[in-house]
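The primary structure of each chain is shown beneath.
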Amino acid sequence: MTLRMDIAIVAGDLLKRRNETIAVAESSAGGLINAALVAVPGASAYYRGGGLIYTAKARAALLRSEERRVGKECAKVCSSRWW
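Residues numbered from 1 in each chain as written. Predicted model: local features only at pLDDT ≥ 70, side-chain atom pairs only at ≥ 80, totals over all residues. Heavy atoms only, no water.

Engineer: Would you mind showing me how to read helix H1 (residues 3-17) here?
Structural biologist: With 15 residues, H1 extends 21 Å between its outermost C-alpha atoms, agreeing within 8% with the 21 Å of an ideal straight helix rising 1.5 Å per residue. Turning to H1, its buried residues number three or more, namely Met5, Ala8, Gly12 and Leu15. Seen along its axis, H1 keeps its buried residues to an arc of 90°; they face one direction. Facing away from the buried side of H1, by more than 90 degrees, are the exposed residues Leu3 and Arg17. The secondary structure elements touched by the buried residues of H1 are strand S1 (22-26) and helix H2 (32-38). (Helix = DSSP H or I, 4+ residues; strand = E, 2+ residues; numbered from the N terminus. Expected span 1.5 Å × (residues − 1). Buried < 20%, exposed > 50% of the residue type's maximum accessible area, 1.4 Å probe, protein only. Arc of directions from axis to C-beta. Contact = heavy atoms within 4.5 Å.)

See the structure below:
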């Protein structure tokens, strides 16, 4: 078992106990967060879905924003790595 899976299992347990759900938007994680969450048996009880947009240009187009601004904001959020 990997640390990523351990975290996904704990997160899933917490979400179920709190009767909460999660949806994930990924970029630099490349789908690893979504993959870890859905690999846990019973994930459909709390996992609502996810999306992956990798490049700043694609994110800007999707969000209808300036590429420079999207890249700057994403850098803040994406700087922590738990996988």
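Engineer: Is there a simple way to think about the pairing of S1 in this case?
Structural biologist: The side chains of a regular strand alternate between the sheet's two faces. Bridge count for S1 against strand S2 (residues 47-52) is five bridges, and the pairing is parallel. Across the sheet, valine 24 pairs through a bridge with glycine 50, a residue of S2. You can see the chain leave S1, run along H2 and come back into S2, and the turn it takes is right-handed. (Pairing = 2+ DSSP bridges. Right-handed = clockwise from strand over helix to strand, strands pointing away.)

Engineer: Even after reading the chapter, I still don't get the nonpolar core, so can you show me in this structure?
Structural biologist: For soluble globular proteins, nonpolar side chains are generally found buried alongside one another. In terms of nonpolar packing, the biggest core is built from 12 residues, these being Met5, Ala8, Leu15, Val24, Ala29, Ile33, Ala36, Leu37, Val40, Ala43, Tyr46 and Tyr47. Elements supplying a minimum of two residues to this core: H1 and H2. What tyrosine 46 contacts, discounting residues up to four positions off in sequence, is Ala8, Gly12, Leu15, Lys16, Glu20, Thr21, Ile22, Leu37 and Val40. (Core = buried A, V, L, I, M, F, W, Y, C linked by side-chain atoms within 4.5 Å.)

Engineer: Please clarify how unusual backbone geometry should be interpreted in this entry.
Structural biologist: For residues that are not glycine, phi is negative in most cases, and the peptide bond is trans in most cases. Positioned with a positive phi, asparagine 19 is a non-glycine residue whose angle comes to about 55°. Summarising the element assignment, asparagine 19 is placed in the loop between H1 and S1.

Engineer: Whenever I open this one, the side chain of asparagine 34 confuses me. Can you help?
Structural biologist: Within the secondary structure, asparagine 34 is located in helix H2. Residue classification places asparagine 34 among the buried residues on the basis of a relative accessible area of 11%. When residues no more than four places from it in sequence are discounted, the contact partners of asparagine 34 are Val24, Glu26, Tyr47, Gly49, Gly50 and Gly51.

Engineer: Looking at this model, I keep getting lost on the environment of glycine 50. Mind explaining?
Structural biologist: Note that glycine 50 resides in strand S2. Sequence separation between glycine 50 and glutamate 26 is 24 residues, and the spatial gap between their C-alpha atoms is 7.6 Å. Apart from the residues lying within four places of it in its own chain, the contact partners of glycine 50 are Val24 and Asn34.

Engineer: In this structure, what is going on with the side chain of glutamate 26? I would like to understand it.
Structural biologist: Summarising the element assignment, glutamate 26 is placed in strand S1. Among buried charged residues, glutamate 26 stands out as having no salt bridge; its nearest opposite-charge side chain is arginine 4, 8.9 Å away. In contact with glutamate 26, not counting residues within four places along its chain, are Gly31, Leu32, Ile33, Asn34, Gly51, Leu52 and Ile53. (Lys, Arg positive; Asp, Glu negative; His and termini not counted. Salt bridge = Lys/Arg side-chain N within 4 Å of Asp/Glu carboxyl O.)

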